[in-house]
Structure formats: C-alpha cells, structure tokens
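This is what each chain is made of:
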Amino acid sequence: MNRARNLEAEKRLKVAQLNVEMGDWVHSLAPWQIISHMTFSWEASIHSAQRCYEKFMRSEMRGVSYFYALEQNPARDGYHVHALWCDCLNKERRVVWRTWFERYGRARIEPVNSRDDVADYCAKYVTKNGSWWNVKLLGHRHPDFADFRLSGG
C-alpha cells in the first residue's frame, strides 16, 4: 500500500517535491555508472549495514565515488543497501558481485541506463522514514575542489 494515499493533498505535494529535489541533488553529484542493490544474509542492523558497506567500498572498491541509502527490509528485520557508483569502469561487475555474495549476501549490480530514473529511485529511499544515507565523492568530484587547479611550474 502506498502510504502517501493517507496524506493530505498538500503534504503529498510536499513529499513529491522533496523526492524530486533529492533526485536532482543525487543526479548532480556525479555521472553515475552503476546501480547496486545489496542484501545481507543476516538481519543487519542499520549500524552493521553501514559498517559492512563502507568497509566493502574501502577494501574492494577503492577509487569509486558512491551514494547509498539503507532501507529496512520489507519482509524481515534488518536493512539492505541501494547505491550508485561512478569512477568504476575498471571494476568487473561479476567479480564485485561474487566478492559481496561470499561475504554478505545477494546483490544486483547493473549499469545505469537512465541517470534521472536512477537518481530519483535512490532519492526515494533517502526520504523514507527510518532510512539512512551517505555519500563519498573522490577528491576531483567533491564540490569543495570544483575550482581547484594545480598551477604549472
């Protein structure tokens, strides 16, 4: 059931606006190349899911910028991950899938076909009650370094 149906029309519009604004923001962060949905074989708490995901990204996906949201599992306790990656063209998806599967659980790792759709999809998890999200951008993607240039000589 769509919980938005229970909201007043004005609040429903505000929720829709928030989703669009978050989608635009996520879209603006980086040229996303991969969308991933990653689960845990145990009922991972929000903190466990965060620690495991960020450890995996540090150890197996060095050099990859990412945005991710943790969402509660719909049919059991625990959380799972929805994520966007860029700067990962040198990573073999099957190897990444196998490594995640052997350590944590199932995953779906796919190329991004529509950046707008994918950013909107992930943004909807950010705006859900009880969700948690984070972003890590490589130095050249970080907004604080957008105008940074090395001077010659």
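Everything below is about the structure shown above.
Every chain is numbered independently, its residues counted from 1 as its sequence is written. In keeping with the predicted nature of the model, local features appear solely for residues at pLDDT of at least 70, side-chain atom pairs appear and are counted solely at 80 or more, and the whole-chain, interface and lining totals rest on all residues. As a rule here, side-chain values come from all non-hydrogen atoms in the structure, and water together with hydrogens is ignored.

### Let's talk about the side chain of His 80
In step 1: In this description a helix means any DSSP run of H or I spanning at least four residues, a strand means any run of E spanning at least two, and both kinds are numbered starting from the N terminus. Summarising the element assignment, His 80 is placed in strand E3 (residues 79-86).
In step 2: Buried residues are those whose accessible area, probed at 1.4 Å on protein chains only, stays under 20% of the maximum for their type, while exposed residues exceed 50% and partly exposed ones sit between those limits. What makes His 80 buried here is its relative accessible area of 10%.
In step 3: Contacts described as polar in this section are N or O atom pairs within 3.5 Å, which, within protein, must combine one atom able to donate a hydrogen with one able to accept it, while residues neighboring in sequence count only if both atoms come from side chains. Engagement of the side chain of His 80 in a polar contact is seen with the side chain of Glu 71, the distance being 2.9 Å.
In step 4: A polar contact of 3.0 Å, which involves the side chain of His 80, links it to the side chain of His 82.
In step 5: Two residues form a contact once any of their heavy atoms are found within 4.5 Å. Apart from residues no more than four positions distant in its own chain, His 80 is found in contact with Met 38, Thr 39, Phe 40, Ala 69, Leu 70, Glu 71, Gln 72, Asn 73 and Pro 74.

### As for the packing of aromatic side chains
In step 1: Pairing of aromatic rings covers Phe, Tyr and Trp, the last through its six-membered ring, and needs centres within 6.5 Å; plane angles under 30 degrees mean stacked, over 60 mean edge-to-face, and all others mean tilted. Per the stated rule, a full pass over the model turns up 16 aromatic pairs.
In step 2: Within the aromatic cluster, the residues linked to one another by ring pairs are Phe 40, Trp 42, Tyr 53, Phe 56, Tyr 66, Tyr 68, Trp 100, Tyr 104 and Trp 132.

### Some details on the nonpolar core
In step 1: Membership of the largest hydrophobic core comes to 25 residues, with the highest contact counts inside it found for Met 38, Tyr 53 and Trp 85.
In step 2: Every element with two or more residues in this core is listed here: strand E1 (34-38), helix H2 (46-60), strand E2 (65-72), E3, helix H3 (93-103) and strand E4 (107-111).
In step 3: Take this core: its biggest share by element is 6 residues, from H2.
In step 4: Val 26, Ala 30, Phe 67 and Leu 137 belong to the second-largest nonpolar core, a separate cluster that totals 15 residues. Among buried residues, the Ala, Val, Leu, Ile, Met, Phe, Trp, Tyr and Cys ones that are joined through side-chain atoms within 4.5 Å form a nonpolar core.

Shape is all these values report; function is a separate question.
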